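# Architecture and fold: a report
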Amino acid sequence: MTDVSGAHADVLHTLFHSDQGGHEQVVLCQDRSSGLKAVIAIHSTALGPALGGTRFYPYASEQEAVADALNLARGMSYKNAMAGLDHGGGKAVIIGDPETLKSEELLLAYGRFVASLGGRYVTACDVGTYVADMDVVARECRWTTGRSPENGGAGDSSVLTAYGVFQGMRASAQHLWGDPSLHGRTVGVAGVGKVGHHLVRHLLDDGARVVITDVRAESVRRIVDEHPSVAVAADTDALIRGDSPFGGLDIYAPCALGGALGDETVPVLTARIVCGAANNQLAHPGVEKDLADRGILYAPDYVVNAGGVIQVADELHGFDFERCRAKAAKIFDTTLAIFARAKEDGIPPAAAADRIAEQRMAEARRG
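Our subject in this report is the structure included herewith.

### Quick word on the packing of aromatic side chains
Enumeration according to the criterion identifies three aromatic pairs in this entry. With a centroid separation of 5.1 Å and 70° between ring planes, the pair formed by tyrosine 57 and tyrosine 59 is classed as edge-to-face. Their ring planes at 70° and their centres at 6.4 Å tell us that phenylalanine 319 and phenylalanine 321 sit as a pair that is edge-to-face. Look at phenylalanine 319 and you get partly exposed, because its relative accessible area is 28%. Residue phenylalanine 321 is classed as partly exposed on the basis of its relative accessible area of 32%. The ring of tryptophan 177 carries arginine 185 above its face, with NZ or CZ at 3.8 Å from the centroid. Between lysine 194 and the ring centre of tyrosine 130, over which it is positioned, the NZ or CZ distance is 4.5 Å.

Rendered as C-alpha coordinates:
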(Lines give C-alpha, C1' and ligand atoms only; values in the text may rest on other atoms or scores of the structure.)
Protein backbone atom coordinates (compact mmCIF):
# COMPACT_ATOMS: atom_id res chain seq x y z
CA MET A 1 0.00 0.00 0.00
CA THR A 2 1.28 3.46 -0.94
CA ASP A 3 1.43 6.00 1.85
CA VAL A 4 -0.65 9.01 0.76
CA SER A 5 -1.21 10.50 4.20
CA GLY A 6 0.50 13.78 3.34
CA ALA A 7 -0.33 14.00 -0.37
CA HIS A 8 -3.00 16.64 -0.04
CA ALA A 9 -1.97 18.41 3.16
CA ASP A 10 -2.08 21.80 1.45
CA VAL A 11 -5.55 21.04 0.09
CA LEU A 12 -6.82 20.08 3.54
CA HIS A 13 -5.36 23.25 4.98
CA THR A 14 -7.20 25.25 2.33
CA LEU A 15 -10.44 23.46 3.16
CA PHE A 16 -10.38 23.76 6.92
CA HIS A 17 -8.13 26.66 7.84
CA SER A 18 -7.94 29.32 5.11
CA ASP A 19 -10.16 32.18 3.98
CA GLN A 20 -10.56 30.36 0.66
CA GLY A 21 -12.04 27.33 2.41
CA GLY A 22 -15.31 26.84 4.19
CA HIS A 23 -16.60 24.32 1.67
CA GLU A 24 -19.38 22.01 2.82
CA GLN A 25 -18.26 18.96 0.85
CA VAL A 26 -15.54 17.84 -1.56
CA VAL A 27 -15.87 14.54 -3.42
CA LEU A 28 -12.97 12.80 -5.18
CA CYS A 29 -14.23 10.54 -7.97
CA GLN A 30 -12.45 7.76 -9.82
CA ASP A 31 -13.57 5.21 -12.38
CA ARG A 32 -10.57 3.25 -13.55
CA SER A 33 -12.23 1.49 -16.47
CA SER A 34 -13.03 4.80 -18.21
CA GLY A 35 -10.06 6.77 -16.89
CA LEU A 36 -12.28 9.22 -15.00
CA LYS A 37 -10.65 11.27 -12.27
CA ALA A 38 -12.84 14.11 -11.07
CA VAL A 39 -13.37 16.49 -8.17
CA ILE A 40 -16.79 17.78 -7.15
CA ALA A 41 -16.67 20.72 -4.75
CA ILE A 42 -19.75 22.06 -2.97
CA HIS A 43 -19.03 25.39 -1.34
CA SER A 44 -22.47 26.33 -0.01
CA THR A 45 -26.08 25.22 -0.11
CA ALA A 46 -27.35 28.12 2.03
CA LEU A 47 -29.46 29.48 -0.82
CA GLY A 48 -30.37 26.08 -2.30
CA PRO A 49 -28.76 23.19 -4.19
CA ALA A 50 -25.25 23.99 -5.39
CA LEU A 51 -25.17 24.84 -9.09
CA GLY A 52 -22.11 25.08 -11.29
CA GLY A 53 -20.51 23.63 -14.40
CA THR A 54 -18.13 20.77 -15.11
CA ARG A 55 -14.67 21.75 -16.34
CA PHE A 56 -12.66 19.17 -18.34
CA TYR A 57 -9.04 20.23 -18.37
CA PRO A 58 -5.50 18.70 -18.45
CA TYR A 59 -4.29 19.96 -15.07
CA ALA A 60 -0.60 19.70 -14.32
CA SER A 61 -1.37 17.86 -11.07
CA GLU A 62 -4.25 16.51 -9.00
CA GLN A 63 -3.54 19.19 -6.39
CA GLU A 64 -3.97 21.90 -9.01
CA ALA A 65 -7.28 20.36 -10.05
CA VAL A 66 -8.57 20.28 -6.47
CA ALA A 67 -7.50 23.88 -5.89
CA ASP A 68 -9.28 24.97 -9.07
CA ALA A 69 -12.46 23.13 -8.09
CA LEU A 70 -12.43 24.80 -4.66
CA ASN A 71 -11.90 28.28 -6.09
CA LEU A 72 -14.50 27.84 -8.81
CA ALA A 73 -17.10 26.43 -6.38
CA ARG A 74 -16.62 29.34 -4.01
CA GLY A 75 -16.99 31.73 -6.92
CA MET A 76 -20.26 30.07 -7.90
CA SER A 77 -21.71 30.72 -4.43
CA TYR A 78 -21.07 34.42 -4.90
CA LYS A 79 -22.19 34.40 -8.54
CA ASN A 80 -25.50 32.69 -7.79
CA ALA A 81 -26.13 34.97 -4.83
CA MET A 82 -25.51 38.11 -6.90
CA ALA A 83 -27.67 36.77 -9.73
CA GLY A 84 -30.58 36.43 -7.29
CA LEU A 85 -30.80 32.66 -7.78
CA ASP A 86 -32.01 30.20 -5.17
CA HIS A 87 -28.86 28.16 -5.56
CA GLY A 88 -25.62 27.72 -3.70
CA GLY A 89 -22.25 27.25 -5.32
CA GLY A 90 -20.57 24.13 -6.61
CA LYS A 91 -18.18 23.12 -9.36
CA ALA A 92 -16.67 19.97 -10.77
CA VAL A 93 -13.46 19.35 -12.66
CA ILE A 94 -12.54 16.30 -14.71
CA ILE A 95 -8.78 15.81 -14.94
CA GLY A 96 -7.39 15.13 -18.40
CA ASP A 97 -7.31 16.28 -22.00
CA PRO A 98 -10.89 16.22 -23.30
CA GLU A 99 -9.59 15.76 -26.84
CA THR A 100 -8.12 12.36 -25.98
CA LEU A 101 -9.80 11.17 -22.75
CA LYS A 102 -13.44 12.11 -23.17
CA SER A 103 -15.73 9.18 -23.93
CA GLU A 104 -19.33 8.14 -23.44
CA GLU A 105 -18.24 5.64 -20.79
CA LEU A 106 -16.39 8.35 -18.86
CA LEU A 107 -19.28 10.82 -19.00
CA LEU A 108 -21.75 8.18 -17.85
CA ALA A 109 -19.47 7.30 -14.94
CA TYR A 110 -19.24 10.97 -14.05
CA GLY A 111 -23.02 11.26 -14.18
CA ARG A 112 -23.34 8.44 -11.65
CA PHE A 113 -21.07 10.28 -9.23
CA VAL A 114 -23.11 13.48 -9.53
CA ALA A 115 -26.33 11.48 -9.07
CA SER A 116 -24.93 9.92 -5.90
CA LEU A 117 -25.10 13.37 -4.26
CA GLY A 118 -28.88 13.25 -4.43
CA GLY A 119 -29.42 16.74 -5.83
CA ARG A 120 -27.02 18.66 -3.55
CA TYR A 121 -25.06 19.50 -6.71
CA VAL A 122 -26.54 20.39 -10.12
CA THR A 123 -24.08 20.32 -12.99
CA ALA A 124 -23.81 22.06 -16.37
CA CYS A 125 -21.25 22.86 -19.10
CA ASP A 126 -17.94 24.64 -18.57
CA VAL A 127 -14.54 24.75 -20.26
CA GLY A 128 -14.03 21.49 -22.15
CA THR A 129 -17.64 20.29 -21.86
CA TYR A 130 -20.52 20.91 -24.20
CA VAL A 131 -24.27 20.46 -24.62
CA ALA A 132 -23.78 17.02 -26.19
CA ASP A 133 -21.74 15.97 -23.14
CA MET A 134 -24.47 17.05 -20.74
CA ASP A 135 -26.97 14.99 -22.76
CA VAL A 136 -24.83 11.94 -22.01
CA VAL A 137 -24.36 12.81 -18.33
CA ALA A 138 -28.12 13.30 -18.00
CA ARG A 139 -28.71 9.67 -18.91
CA GLU A 140 -27.32 8.78 -15.48
CA CYS A 141 -28.17 11.95 -13.55
CA ARG A 142 -31.35 13.99 -13.52
CA TRP A 143 -29.56 16.89 -11.83
CA THR A 144 -27.98 17.94 -15.13
CA THR A 145 -28.58 21.21 -16.96
CA GLY A 146 -27.13 22.69 -20.14
CA ARG A 147 -28.73 19.89 -22.17
CA SER A 148 -29.91 20.21 -25.77
CA PRO A 149 -33.46 21.39 -26.49
CA GLU A 150 -34.12 17.95 -27.99
CA ASN A 151 -33.41 16.46 -24.58
CA GLY A 152 -35.45 18.93 -22.57
CA GLY A 153 -32.68 21.45 -22.00
CA ALA A 154 -31.89 25.07 -22.78
CA GLY A 155 -28.96 24.51 -25.10
CA ASP A 156 -25.79 26.58 -25.24
CA SER A 157 -25.51 28.80 -22.14
CA SER A 158 -22.63 30.80 -23.64
CA VAL A 159 -25.18 32.90 -25.55
CA LEU A 160 -26.54 34.55 -22.40
CA THR A 161 -23.14 34.53 -20.70
CA ALA A 162 -21.87 36.80 -23.47
CA TYR A 163 -25.01 38.93 -23.31
CA GLY A 164 -24.54 39.45 -19.55
CA VAL A 165 -20.89 40.45 -19.99
CA PHE A 166 -21.99 42.94 -22.63
CA GLN A 167 -24.49 44.41 -20.16
CA GLY A 168 -21.73 44.65 -17.55
CA MET A 169 -19.57 46.54 -20.05
CA ARG A 170 -22.40 48.95 -20.79
CA ALA A 171 -22.86 49.57 -17.07
CA SER A 172 -19.11 50.13 -16.66
CA ALA A 173 -19.12 52.64 -19.51
CA GLN A 174 -22.11 54.39 -17.96
CA HIS A 175 -20.34 54.65 -14.60
CA LEU A 176 -16.98 55.80 -15.97
CA TRP A 177 -17.93 57.88 -19.01
CA GLY A 178 -21.59 58.73 -18.39
CA ASP A 179 -22.82 56.87 -21.48
CA PRO A 180 -23.53 53.13 -21.82
CA SER A 181 -22.81 53.09 -25.55
CA LEU A 182 -19.58 51.40 -26.66
CA HIS A 183 -19.63 53.14 -30.03
CA GLY A 184 -16.09 54.15 -30.96
CA ARG A 185 -14.55 52.42 -27.93
CA THR A 186 -11.71 49.95 -28.45
CA VAL A 187 -12.36 46.61 -26.75
CA GLY A 188 -9.77 43.84 -26.48
CA VAL A 189 -11.13 40.31 -26.12
CA ALA A 190 -8.69 37.64 -24.91
CA GLY A 191 -10.24 34.28 -25.73
CA VAL A 192 -12.84 33.99 -28.49
CA GLY A 193 -14.20 30.52 -27.82
CA LYS A 194 -17.71 29.63 -26.68
CA VAL A 195 -18.43 32.98 -25.00
CA GLY A 196 -15.93 35.31 -26.63
CA HIS A 197 -17.20 34.89 -30.16
CA HIS A 198 -20.76 35.84 -29.10
CA LEU A 199 -19.38 38.84 -27.20
CA VAL A 200 -17.53 40.08 -30.29
CA ARG A 201 -20.81 40.20 -32.20
CA HIS A 202 -22.51 42.28 -29.47
CA LEU A 203 -19.59 44.70 -29.43
CA LEU A 204 -19.56 45.17 -33.19
CA ASP A 205 -23.33 45.65 -33.26
CA ASP A 206 -22.87 48.45 -30.72
CA GLY A 207 -20.23 50.15 -32.84
CA ALA A 208 -17.11 49.18 -30.89
CA ARG A 209 -13.70 48.56 -32.43
CA VAL A 210 -12.62 45.04 -31.50
CA VAL A 211 -9.18 43.47 -31.12
CA ILE A 212 -8.90 39.76 -30.35
CA THR A 213 -6.37 37.13 -29.41
CA ASP A 214 -6.60 33.41 -28.68
CA VAL A 215 -4.13 30.57 -28.27
CA ARG A 216 -6.20 28.62 -30.81
CA ALA A 217 -5.53 29.84 -34.34
CA GLU A 218 -8.77 28.30 -35.61
CA SER A 219 -10.80 30.41 -33.16
CA VAL A 220 -9.14 33.58 -34.41
CA ARG A 221 -9.72 32.59 -38.05
CA ARG A 222 -13.39 31.96 -37.34
CA ILE A 223 -13.86 35.48 -35.97
CA VAL A 224 -11.90 37.20 -38.74
CA ASP A 225 -13.75 35.25 -41.42
CA GLU A 226 -17.10 36.30 -39.95
CA HIS A 227 -16.07 39.86 -39.04
CA PRO A 228 -13.26 41.21 -41.28
CA SER A 229 -13.18 44.53 -39.37
CA VAL A 230 -11.83 42.79 -36.25
CA ALA A 231 -8.11 43.30 -35.58
CA VAL A 232 -5.82 40.60 -34.21
CA ALA A 233 -3.12 40.94 -31.54
CA ALA A 234 -0.22 38.49 -31.46
CA ASP A 235 -0.95 37.40 -27.88
CA THR A 236 -2.52 38.58 -24.64
CA ASP A 237 0.54 40.61 -23.66
CA ALA A 238 0.41 42.51 -26.95
CA LEU A 239 -3.35 42.98 -26.56
CA ILE A 240 -3.23 44.57 -23.10
CA ARG A 241 -0.26 46.77 -24.02
CA GLY A 242 -2.14 48.16 -27.02
CA ASP A 243 0.13 46.60 -29.64
CA SER A 244 -2.50 46.31 -32.37
CA PRO A 245 -3.78 48.32 -35.36
CA PHE A 246 -6.21 50.13 -33.02
CA GLY A 247 -3.60 51.01 -30.38
CA GLY A 248 -4.48 51.20 -26.68
CA LEU A 249 -7.64 49.69 -25.25
CA ASP A 250 -10.59 51.36 -23.60
CA ILE A 251 -11.92 48.04 -22.28
CA TYR A 252 -10.18 44.71 -21.68
CA ALA A 253 -12.31 41.55 -21.68
CA PRO A 254 -10.55 38.42 -20.35
CA CYS A 255 -12.64 35.53 -21.67
CA ALA A 256 -10.30 32.53 -21.29
CA LEU A 257 -9.06 30.88 -18.09
CA GLY A 258 -8.61 32.54 -14.69
CA GLY A 259 -5.73 34.56 -13.24
CA ALA A 260 -5.71 37.08 -16.09
CA LEU A 261 -5.08 40.04 -13.76
CA GLY A 262 -1.91 39.91 -11.73
CA ASP A 263 1.38 41.59 -10.89
CA GLU A 264 2.66 41.38 -14.47
CA THR A 265 -0.49 42.41 -16.31
CA VAL A 266 -2.03 45.19 -14.21
CA PRO A 267 0.93 47.62 -14.49
CA VAL A 268 0.89 47.49 -18.31
CA LEU A 269 -2.87 47.53 -18.94
CA THR A 270 -3.88 50.33 -21.30
CA ALA A 271 -7.61 49.81 -20.64
CA ARG A 272 -9.67 51.95 -18.27
CA ILE A 273 -12.22 49.16 -17.75
CA VAL A 274 -11.82 45.43 -17.22
CA CYS A 275 -14.97 43.42 -17.86
CA GLY A 276 -14.82 39.86 -19.14
CA ALA A 277 -16.30 36.38 -19.00
CA ALA A 278 -13.41 34.45 -17.41
CA ASN A 279 -13.84 33.14 -13.88
CA ASN A 280 -11.43 34.07 -11.07
CA GLN A 281 -9.69 36.83 -13.02
CA LEU A 282 -7.84 38.23 -9.99
CA ALA A 283 -4.65 36.20 -9.63
CA HIS A 284 -4.38 36.85 -5.88
CA PRO A 285 -5.87 39.03 -3.11
CA GLY A 286 -4.83 42.64 -3.49
CA VAL A 287 -5.07 42.82 -7.27
CA GLU A 288 -8.43 44.58 -6.98
CA LYS A 289 -6.69 47.40 -5.05
CA ASP A 290 -3.88 47.54 -7.62
CA LEU A 291 -6.49 48.07 -10.34
CA ALA A 292 -8.22 50.79 -8.33
CA ASP A 293 -4.90 52.51 -7.63
CA ARG A 294 -4.29 52.72 -11.37
CA GLY A 295 -7.75 54.15 -11.98
CA ILE A 296 -8.94 51.00 -13.75
CA LEU A 297 -12.60 50.12 -13.16
CA TYR A 298 -13.03 46.39 -12.56
CA ALA A 299 -16.44 44.80 -13.13
CA PRO A 300 -16.41 41.69 -10.87
CA ASP A 301 -16.24 38.60 -13.06
CA TYR A 302 -18.78 36.51 -11.20
CA VAL A 303 -21.35 39.28 -11.51
CA VAL A 304 -21.07 40.03 -15.23
CA ASN A 305 -20.64 36.43 -16.40
CA ALA A 306 -23.77 35.17 -14.62
CA GLY A 307 -25.94 35.04 -17.74
CA GLY A 308 -25.08 31.40 -18.33
CA VAL A 309 -25.97 30.24 -14.84
CA ILE A 310 -29.20 32.24 -15.03
CA GLN A 311 -30.01 30.24 -18.15
CA VAL A 312 -29.22 26.79 -16.78
CA ALA A 313 -31.00 27.51 -13.50
CA ASP A 314 -34.13 28.37 -15.45
CA GLU A 315 -33.90 24.99 -17.17
CA LEU A 316 -34.85 23.33 -13.89
CA HIS A 317 -38.20 25.12 -13.94
CA GLY A 318 -39.20 24.86 -17.61
CA PHE A 319 -36.90 26.92 -19.79
CA ASP A 320 -38.04 30.19 -21.33
CA PHE A 321 -35.34 32.07 -23.26
CA GLU A 322 -36.97 35.50 -23.15
CA ARG A 323 -37.48 35.23 -19.38
CA CYS A 324 -33.80 34.39 -19.00
CA ARG A 325 -32.70 37.19 -21.31
CA ALA A 326 -34.70 39.66 -19.24
CA LYS A 327 -32.98 38.41 -16.08
CA ALA A 328 -29.57 38.61 -17.73
CA ALA A 329 -30.28 42.19 -18.83
CA LYS A 330 -30.54 43.11 -15.13
CA ILE A 331 -26.78 42.49 -14.85
CA PHE A 332 -26.56 46.11 -16.06
CA ASP A 333 -28.39 47.34 -12.95
CA THR A 334 -26.57 44.95 -10.61
CA THR A 335 -23.19 46.14 -11.87
CA LEU A 336 -24.14 49.79 -11.38
CA ALA A 337 -25.33 48.98 -7.85
CA ILE A 338 -21.96 47.40 -7.06
CA PHE A 339 -20.08 50.47 -8.28
CA ALA A 340 -22.34 52.66 -6.13
CA ARG A 341 -21.73 50.46 -3.07
CA ALA A 342 -17.98 50.54 -3.71
CA LYS A 343 -18.01 54.33 -3.82
CA GLU A 344 -20.18 54.55 -0.70
CA ASP A 345 -17.98 52.18 1.31
CA GLY A 346 -14.68 53.40 -0.12
CA ILE A 347 -13.66 49.95 -1.33
CA PRO A 348 -12.91 48.32 -4.71
CA PRO A 349 -15.91 46.94 -6.67
CA ALA A 350 -14.77 43.33 -6.11
CA ALA A 351 -14.97 43.83 -2.34
CA ALA A 352 -18.35 45.54 -2.65
CA ALA A 353 -19.75 42.62 -4.65
CA ASP A 354 -18.44 40.18 -2.05
CA ARG A 355 -20.15 42.11 0.75
CA ILE A 356 -23.50 42.09 -1.04
CA ALA A 357 -23.27 38.36 -1.85
CA GLU A 358 -22.13 37.45 1.67
CA GLN A 359 -25.01 39.43 3.14
CA ARG A 360 -27.54 37.47 1.06
CA MET A 361 -26.00 34.12 2.04
CA ALA A 362 -25.85 35.09 5.72
CA GLU A 363 -29.49 36.15 5.69
CA ALA A 364 -30.43 32.80 4.11
CA ARG A 365 -28.53 30.87 6.79
CA ARG A 366 -30.26 32.86 9.55
CA GLY A 367 -33.61 32.26 7.92
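Next, the rest of the story.
### Concerning the sheet that holds strand E11 (residues 273-274)
Taken in spatial order, the six strands line up as E9-E8-E7-E10-E11-E12 in an open sheet, and their pairing is parallel. Each end of this open sheet is capped by a strand with a single partner; those strands are strand E9 (231-232) and strand E12 (297-298). Both E11 and E12 contribute to a ladder of two bridges, which runs parallel. The partner of isoleucine 273 across the bridge, within E12, is leucine 297. Of the strands in this sheet, strand E7 (186-190), strand E8 (209-213) and strand E10 (251-254) are in contact with helix H7 (residues 196-205), which crosses E7 at around 170°.

### A few points about unusual backbone geometry
Even without a glycine there, the phi angle at asparagine 280 is positive, about 50°. Tracing the backbone through its elements, the reader meets asparagine 280 in the loop between E11 and helix H10 (287-293). Judged by its relative accessible area of 28%, asparagine 280 falls in the partly exposed class.

### Topic: the pattern of salt bridges
Counted according to the given criterion, the structure contains 18 salt bridges. Among the ionic pairs, glutamate 62 bridges to lysine 37, the shortest N-O distance being 2.8 Å. With glutamate 62 in helix H2 (residues 62-82) and lysine 37 in strand E2 (residues 36-44), this residue pair connects regions lying 25 residues apart in the sequence. Note on glutamate 62: relative accessible area 35%, which makes it partly exposed. By relative accessible area, which is 31% here, lysine 37 ends up partly exposed. For arginine 222, the salt bridge identified is with glutamate 226, shortest N-O distance 3.7 Å. With arginine 222 and glutamate 226 both in helix H8 (residues 217-226), this residue pair falls four residues apart, about one helical turn. Residues participating in the shared-partner salt-bridge network are Arg55, Asp68, Lys91 and Asp126.

Conventions we followed
Residues numbered from 1 in each chain as written. Predicted model: local features only at pLDDT ≥ 70, side-chain atom pairs only at ≥ 80, totals over all residues. Heavy atoms only, no water. Phe/Tyr/Trp six-rings, centres within 6.5 Å; stacked < 30°, edge-to-face > 60°. Buried < 20%, exposed > 50% of the residue type's maximum accessible area, 1.4 Å probe, protein only. Lys NZ or Arg CZ within 6 Å of the ring centre and 35° of its normal. Pairing = 2+ DSSP bridges. Helix = DSSP H or I, 4+ residues; strand = E, 2+ residues; numbered from the N terminus. Contact = heavy atoms within 4.5 Å. Axes fitted to C-alpha atoms, helices over the stretch in contact; angles between N-to-C directions. Salt bridge = Lys/Arg side-chain N within 4 Å of Asp/Glu carboxyl O.

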